[in-house]
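These are the residues of each chain, in order.
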Amino acid sequence: MSKKYYVVWKGAKTGVFEQWNDVKSHTQGRADAQYMGFPSKAEADSAFQSTYTKALTKRSMSKSSGAKPAASAAYVKAETTGASNSSTSAKTADINIYCDGACSPNPGKSGTGMAVYQQQKLVELWYGLYEPMGTNNTAELNGLLAAFNYAQDHIKQGKTVQVLSDSKYSIDCITKWAKGWQAKGWTRGKGEEIKNLEIIKQCFTLYQALKANLIISHVKGHANIEGNELSDRMAVLARVKCTKGFVQYQETLDIKTILAMASG
């Protein structure tokens, strides 16, 4: 394996690093982490003098000139979770939906974004669900709920849908914990309250109805995954514009331009 160099723009410590473990220690657990790998130190040094958004845009444009799009679920290393049909792999999903949430500060103003791909091509962007006093977790759960709602009609048409989120918390709430919470009367046991319960209930109800044709996958945030990055930009747009509904992005789907927008 060829040697790589890593740039961390946002983390406990920033700079150019040679060891992945260093990058992991500086970024793990941070929702705002920004980092990327490069094949040479010269490229890494140059990128660090610029910005994460510009580096991401440059990489996205170089891939679009010849390689297959990074956003396609077939080319993303995603951890598939939940009780989805084991015979259906990420490569065979008809529709891939990336969802993300943004909140600043936390708690504070939050928004949700979504990027939809069909046949490995970006077809729609959505944003909204603004909350004046939300959290990262409520914004991420709203993303799953929006994705499930979007998936319903397509699943009724016999299509398989993959939903991709960088929120392990949201995915685990729906695919691992909700069933047990429901059995205990929607508590953690001993009457302990569950945070964000109403959103979790709505998500779980839809998940139960759709899961035979639904794949839920976890992807790394701020890891140069195009669909995740685009949904992030939409979530920030929703927060900045205070968009309470969930509306389709009407501008031209110019990936370079959208990636240059503010990130969460």
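This structure is a prediction, so every number in the text was calculated from the model and none was measured.

Reading the values: rules and limits
Residues numbered from 1 in each chain as written. Predicted model: local features only at pLDDT ≥ 70, side-chain atom pairs only at ≥ 80, totals over all residues. Heavy atoms only, no water. Helix = DSSP H or I, 4+ residues; strand = E, 2+ residues; numbered from the N terminus. Buried < 20%, exposed > 50% of the residue type's maximum accessible area, 1.4 Å probe, protein only. Contact = heavy atoms within 4.5 Å. Areas by Shrake-Rupley, 256 points an atom, 1.4 Å probe, with all protein chains shown as cover. Pairing = 2+ DSSP bridges. Axes fitted to C-alpha atoms, helices over the stretch in contact; angles between N-to-C directions. Expected span 1.5 Å × (residues − 1). Core = buried A, V, L, I, M, F, W, Y, C linked by side-chain atoms within 4.5 Å. pLDDT = per-residue confidence, 0-100. Salt bridge = Lys/Arg side-chain N within 4 Å of Asp/Glu carboxyl O.

Participant: Explanation requested: the overall build of the chain in the structure shown.
Facilitator: Each helix and strand counted, the chain has 8 helices and 10 strands in total. The burial tally for the chain puts 50% of its 264 residues in the buried class. Summarising the internal contacts of the chain: among those between residues at least 6 apart in sequence, 70% fall at separations of at least 24. Just so you have it, the chain exposes about 13000 Å², and 49% of that area is on carbon and sulfur atoms.

Participant: Explanation requested: the sheet that holds strand 2 (residues 15–17) in the structure shown.
Facilitator: Where strands meet in a sheet, backbone hydrogen bonds hold them as pairs that are either parallel or antiparallel. Across the sheet, 3 strands lie side by side as 2-1-3; this open sheet has antiparallel pairing. Strand pairing shows two members of the sheet lacking a second neighbour, strand 2 and strand 3 (34–38), which therefore form its edges. Neighbour-to-neighbour, the strand axes of the sheet open up by a mean angle of 25°, direction not taken into account. Contacting strand 1 (5–10), strand 2 and strand 3, helix 1 (residues 20–27) crosses the sheet at an angle of about 10° to strand 1. Taken strand by strand, helix 2 (residues 41–49) contacts strand 1, strand 2 and strand 3, and its axis lies near 10° from that of strand 1.

Participant: Explain helix 6 (residues 197–210) here, please?
Facilitator: Helical periodicity: at 3.6 residues per turn, an α-helix aligns residues three or four positions apart in one direction. Taking 1.5 Å per residue, 14 residues should reach 20 Å; helix 6 reaches 20 Å between its end C-alpha atoms and fits that length. Along helix 6, the residues classified as buried are Leu-197, Ile-199, Ile-200, Cys-203, Phe-204, Leu-206, Tyr-207 and Leu-210.

Participant: Mind showing me how you'd approach the environment of Lys-121 here?
Facilitator: Positionally, Lys-121 belongs in strand 7 (residues 121–134). Judged by its relative accessible area of 57%, Lys-121 is exposed. Distance in space between the C-alpha atoms of Lys-121 and Asn-96 is 9.5 Å, their sequence separation being 25 residues.

Participant: What am I meant to see in unusual backbone geometry here?
Facilitator: Peptide bonds are trans in most cases, and residues, glycine excluded, mostly fall at negative phi. The linkage connecting Ser-104 with the following residue, Pro-105, adopts the cis geometry, with an omega of -10°. Topologically, Pro-105 is positioned in the loop between strand 5 (95–104) and strand 6 (108–118). Cis geometry marks the peptide bond from Asn-106 to Pro-107; its omega dihedral reads 0°. Along the chain, Pro-107 falls in the loop between strand 5 and strand 6. The phi angle at Asn-196 is positive, at roughly 60°, despite the residue not being glycine. With respect to the helices, strands and loops of the structure, Asn-196 is situated in the loop between helix 5 (168–183) and helix 6. Asn-196 gets classed as partly exposed once you look at its relative accessible area, which sits at 22%.

Participant: Please explain the nonpolar core as it appears in this structure.
Facilitator: Soluble globular proteins: nonpolar side chains tend toward being buried together. Counting 34 residues, the largest nonpolar core has Ile-97, Phe-148, Ile-174, Ile-200 and Leu-214 as its most contacted members. Of all the secondary structure elements, the ones that give two or more residues to this core are strand 5, strand 6, helix 4 (136–156), strand 8 (161–165), helix 5, helix 6 and strand 9 (214–218). Considering every element that reaches this core, the biggest residue donor is helix 4, with 9 residues. Contact partners of Ile-97, with chain neighbours within four places excluded, come to Met-114, Ala-115, Val-116, Ala-147, Tyr-150, Ala-151, Val-161, Gln-162, Val-163 and Leu-164. Tyr-5, Ala-47, Leu-125 and Tyr-249 belong to the second-largest nonpolar core, a separate cluster that totals 27 residues.

Participant: Got a minute to help me understand the confidence of the model for the chain in this structure?
Facilitator: Low pLDDT means the predicted atomic positions in that stretch should not be read closely. Confidence in the prediction of the chain, expressed as mean pLDDT, is 85, and 84% of residues score 70 or more. Confidence drops under pLDDT 50 across residues 64–79; counting only partners more than four residues distant or on other chains, this segment forms 32 contacts. The low-confidence segment residues 81–91 (pLDDT under 50) makes 20 contacts with residues lying over four places distant or belonging to another chain.

Participant: Where do I start with the pattern of salt bridges in this structure?
Facilitator: Opposite charge on two side chains permits them to pair, given that their charged atoms come into close proximity. Considering all chains together, one arrives at 5 salt bridges under this definition. Between Asp-172 and Lys-176 there is a salt bridge, and its shortest N-O distance comes to 3.6 Å. Of this pair, Asp-172 and Lys-176 both sit in helix 5, 4 residues apart, roughly one helical turn. Salt bridges sharing common partners tie together Lys-168, Asp-172 and Lys-176.

Participant: Looking at this structure, I do not really get the side chain of Thr-112. What am I missing?
Facilitator: Examined against the element boundaries, Thr-112 turns out to sit in strand 6. Judged by relative accessible area, which is 0%, Thr-112 ranks as buried.

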